[in-house]
Amino acid sequence: MILAVQALLALAYTVLAHTASARDDERIAAAALVVLAVMLTVAPMARRRAWAFALLPLLLAGVVVVYRAGPVAVPVLLVPVAFVAMVSWWFGRSLRAGQVPLITRIVAEIEHTPAPMMATDLRDYTRKLTAAWAWLLAALALVNLALALIAVPDGLLAQLGWHAPLTVTQTQWSWFANLCNYGIVGGFFFIEYHTRKRRFPGRYRNFFDFLRSLASLGPAFWKDFLR
């Protein structure tokens, strides 16, 4: 249930952030940050964590301060960078010695096989795939940062009074940061599924069967997985 609420809040944030950039509307940008603050704290609040109830008012007060100060577009520009970089780090840290790569954990759970007992070729493939996700997301974070720097009229360099030799409009930045990111990630996910299906045949009937396999893992697995 909480994951569904967070997903809806994430969708609301994306729509608001894109609309704010397209219209250059600071009020909508502030509303997007409010939604983001709620999204970040709703899960710990549902678990009755006292720090989350204390943190949310502070985040909302911060939104008010930033809105009144003027540069409310700056945190909106940096959210995609921070989010994608964080997920890249999350994939990358699972590649450390003694850790089970994230994709290996998922596949092991789907196949009801402990990760050390998986076939060597499948275990190697899932480790390399985890690394590929980490690198892809790191590259996307850098592209998001570059576009945030050169966006006009409210990009990071423009906020400092610097004029970049190459610029993109705020709307162009938003199309990439708030929408194209998901398309690139979804496309990679879809292509990788077909690659895996050819390399390891007989595991999934079709793409929707694969998605059902992921969904069947249940909320308990994903809750632990996302920690």
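What counts, and where the lines are drawn
Residues numbered from 1 in each chain as written. Predicted model: local features only at pLDDT ≥ 70, side-chain atom pairs only at ≥ 80, totals over all residues. Heavy atoms only, no water. Helix = DSSP H or I, 4+ residues; strand = E, 2+ residues; numbered from the N terminus. Buried < 20%, exposed > 50% of the residue type's maximum accessible area, 1.4 Å probe, protein only. Contact = heavy atoms within 4.5 Å. Arc of directions from axis to C-beta. Polar contact = N/O pair within 3.5 Å; in protein donor to acceptor, adjacent residues only side chain to side chain. Phe/Tyr/Trp six-rings, centres within 6.5 Å; stacked < 30°, edge-to-face > 60°. Patch = residues over 30% accessible without salt bridge, like charges linked within 9 Å, V, L, I, M, F, W, Y side chains within 5 Å. Areas by Shrake-Rupley, 256 points an atom, 1.4 Å probe, with all protein chains shown as cover. Salt bridge = Lys/Arg side-chain N within 4 Å of Asp/Glu carboxyl O. pLDDT = per-residue confidence, 0-100.

Q: Summarise unusual backbone geometry; cite the residues concerned and give the values.
A: A cis amide bond links V152 with the next residue in sequence, P153, at an omega value of 15°. Inspection of the secondary structure puts P153 in the loop between β1 (151-152) and α7 (156-159). Notably, D24 is not glycine yet its phi reads approximately 55°, a positive angle. Residue class for D24 comes out partly exposed when judged on its relative accessible area of 46%. Although it is not a glycine, H112 sits at a positive phi angle of roughly 55°. Note that H112 resides in the loop between α5 (102-110) and α6 (120-150). Given a relative accessible area of 73%, H112 falls into the exposed group.

Q: Hey, could you go over the environment of M118 for me, with residue numbers and the actual values?
A: Summarising the element assignment, M118 is placed in the loop between α5 and α6. Owing to a relative accessible area of 6%, M118 belongs among the buried residues under this scheme. Along the chain, M118 and V100 lie 18 residues apart, while their C-alpha atoms are 12 Å from each other. Leaving out residues up to four positions away in the same chain, M118 has contacts with T104, V107, A108, T113, R123 and T126.

Q: Break down the side chain of E192 for me, with residues and values.
A: For E192, the location among the structural elements is in helix α8 (residues 170-199). You can call E192 buried: its relative accessible area is 6%.

Q: Which residues make up helix α9 (residues 207-215), and what values do they have?
A: Think of an α-helix as turning once every 3.6 residues; residues three or four places apart then point the same way. For α9, the complete set of buried residues consists of F207, D209, F210, S213 and L214. Projected down its long axis, α9 shows its buried positions confined to an angular sector of 160°, all on one face. Residues of α9 that are exposed and point over 90 degrees away from its buried face: F208 and A215. Sitting at the head of α9, N206 places a side-chain oxygen 3.1 Å from the backbone nitrogen of F208.

Q: For the packing of aromatic side chains, give the residues involved together with the corresponding values.
A: This model, assessed by the stated rule, comprises 11 aromatic pairs. For the pair W133 and F188, a centre-to-centre distance of 4.6 Å together with 80° between the ring planes defines the contact as edge-to-face. One end of the pair, W133, is in helix α6; the other, F188, is in helix α8, with 55 residues separating them in the sequence.

Q: Residues and numbers for a nonpolar patch on the surface, please.
A: A cluster of nonpolar side chains, namely F83, M86 and W89, defines an oily patch on the protein surface of about 370 Å² accessible area. You can see W89 is positioned in helix α4 (residues 73-93). The exposure class of W89 is exposed, given its relative accessible area of 52%.

Q: If you had to explain the confidence of the model for the protein to someone new, which residues and values would you point to?
A: Detailed reading of the predicted model is not advised wherever pLDDT is low. The predicted model of the protein averages 89 in pLDDT, with 96% of residues at 70 or higher. Ranking the helices and strands of the protein by mean pLDDT puts α6 first, with 95, and helix α10 (residues 218-225) last, with 68.

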